[in-house]
Amino acid sequence: MEVLANLEKGFEGTIVEIKTDRDDIIRKLMAMGVFPGSSIKVIQTFPSYVFQVGYTQVAVDKEIASTIIVE
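In short, a report on the structure.

Calculation criteria
Residues numbered from 1 in each chain as written. Predicted model: local features only at pLDDT ≥ 70, side-chain atom pairs only at ≥ 80, totals over all residues. Heavy atoms only, no water. Salt bridge = Lys/Arg side-chain N within 4 Å of Asp/Glu carboxyl O. Helix = DSSP H or I, 4+ residues; strand = E, 2+ residues; numbered from the N terminus. Pairing = 2+ DSSP bridges. Buried < 20%, exposed > 50% of the residue type's maximum accessible area, 1.4 Å probe, protein only. Polar contact = N/O pair within 3.5 Å; in protein donor to acceptor, adjacent residues only side chain to side chain. Contact = heavy atoms within 4.5 Å.

## Side note on the pattern of salt bridges
Next, step 1: For the structure shown, the criterion picks out two salt bridges.
Next, step 2: Here Asp24 ties to Arg22 by a salt bridge, and the two come within 2.7 Å at their closest N and O atoms.
Next, step 3: Close ionic contact of Arg22 with Glu63 constitutes a salt bridge, the shortest N to O distance being 2.5 Å. Note that Arg22 is positioned in the loop between β2 (12-18) and α1 (23-31) and Glu63 in helix α2 (residues 62-65), a separation of 41 residues in sequence.
Next, step 4: Via salt bridges that share partners, Arg22, Asp24 and Glu63 belong to a single interconnected network.

Okay, here's the thing in structure tokens:
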């Protein structure tokens, strides 16, 4: 398992956990359709982290990307 912020472009896997105590981050990710069990593909890692979940592309900063645990 690894955090999204440490992955390279092109990685494909599954979200295992959203690891944070901040409810605002959890709510934001859930509103964008980012849930444990979802398939994920990393599209871009700089200047922001862009990944695809289902048919949706999501862009987040490093702080939020560091809360998403994938395998």
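## Looking at the pairing of β2
Next, step 1: Strand direction decides the pairing type here: β2 and strand β3 (residues 39-44), joined by three bridges, are antiparallel. Looking at β3, one finds that Thr14 is bridged to Ser39.
Next, step 2: Relative to strand β6 (residues 68-70), β2 runs antiparallel, the two sharing three bridges. Among the inter-strand pairings, Ile18 is bridged to a residue of β6, identified as Ile68.

## Quick word on the sheet that holds β6
Next, step 1: Strand order in this open sheet of six strands is β1-β6-β2-β3-β4-β5, and the pairing throughout is antiparallel. Each edge of the sheet is formed by a strand with only one pairing partner; in this case those strands are β1 (2-3) and β5 (56-60).
Next, step 2: Relative to β6, β1 runs antiparallel, the two being bridged by two bridges. From the neighbouring strand, Val3 faces β6, where its bridge partner is Ile69.

## Quick look at the side chain of Thr67
Next, step 1: With respect to the helices and strands, Thr67 occurs in the loop between α2 and β6.
Next, step 2: The exposure class assigned to Thr67 is buried, which follows from its relative accessible area of 6%.
Next, step 3: In terms of polar contacts, Thr67 uses its side chain to reach the backbone carbonyl oxygen of Ile64, at 2.7 Å.
Next, step 4: Excluding anything up to four places from it in sequence, Thr67 contacts Glu17, Ile18, Lys19, Thr20, Ile25 and Leu29.

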